[in-house]
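Residues per chain are reported as follows:
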Amino acid sequence: MYLEIVSPEATLFSSEVDAVTVPGINGEFQMLNNHAAIVAVLAEGTVKINTHTQSHLVFDDLHASVVPLANDKKVLTVKINSGTLEMKGNKAIILAD
């Protein structure tokens, strides 16, 4: 699936991923490839991005807030205060605050 994380200042992340775990207002949930269409409100927490089958991800200065999980370099994390998620057509867009 394709994941894009956008903040008011910049695009924080944009790449193909295997899965994404987000902090929903009713608890954390995960989306995989071909997930059903969904719109959700996100709470403060950590977005976890699984990139296990991706051999190469390109980072630049805008991706400074995306960091590898301490024990797994193929899981990236982004801290958010709140946000909105839309998943449709195998593309997830997170509008993060």
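All figures in this text were calculated on a predicted structure; none of them were measured in a lab.

Chemist: Honestly, the overall build of the protein chain in this entry has me stumped. Any pointers?
Modeler: Along the protein chain, the regular secondary structure elements total zero helices and 10 strands. Ordered by position in the sequence, the α and β elements of the protein chain form the string β-β-β-β-β-β-β-β-β-β. Per-residue burial over the protein chain gives 42% buried out of 97 residues. Of all intrachain contacts in the protein chain linking residues separated by at least 6 positions in sequence, the fraction that spans at least 24 positions is 57%. For the protein chain, the accessible surface area stands at approximately 5500 Å², while carbon and sulfur atoms represent 53% of it.

Chemist: Help me out: how do you make sense of the pairing of strand β9 (residues 83–88) in this one?
Modeler: One face of the sheet, then the other: side chains in a regular strand alternate in exactly this way. Here β9 shows a buried face lined by G83, L85 and M87 and an unburied face lined by T84, E86 and K88. Pairing of strand β5 (residues 38–42) with β9 involves five bridges; the strand directions are antiparallel. Each bridged residue has a counterpart across the sheet, and for V41 the counterpart in β9 is T84. Alignment of β9 against strand β10 (residues 91–96), held across six bridges, turns out to be antiparallel. In the strand pairing of β10, M87 is matched with A92. Here β9 folds back onto β10 in antiparallel fashion, the turn holding two residues, of which G89 has a positive phi close to 60°.

Chemist: Could you clarify how one ought to interpret the confidence of the model for the protein chain in this entry?
Modeler: On average, residues of the protein chain carry a pLDDT of 86, and 79% of them reach 70 or more. Ranking the elements of the protein chain by mean pLDDT puts strand β7 (residues 67–69) last with 67 and β5 first with 97.

Conventions used here
- Throughout this description, residue numbers start from 1 for each chain and increase along the sequence as written.
- In view of the model being predicted, local features appear only for residues whose pLDDT reaches at least 70, and side-chain atom pairs are presented and counted only at 80 or more, with totals across whole chains, interfaces and linings using the full set of residues.
- Calculation of side-chain values draws on the structure's entire complement of heavy atoms; hydrogens and water are dropped beforehand.
- Counting from the N terminus, the helices are the DSSP runs of H or I reaching at least four residues and the strands are the DSSP runs of E reaching at least two.
- Note on exposure labels: buried denotes an accessible area under 20% of the residue type's maximum, exposed denotes more than 50%, and partly exposed covers the range between, all computed with a 1.4 Å probe on protein chains only.
- Residues count as neighbours in contact if any of their non-hydrogen atoms are within 4.5 Å of one another.
- Each accessible area is a Shrake-Rupley result for a 1.4 Å probe, and residues are judged covered by the shown protein chains and nothing else.
- Note: two strands are recorded as paired if DSSP finds a minimum of 2 bridges between them.
- pLDDT measures the predictor's confidence residue by residue and takes values from 0 up to 100.

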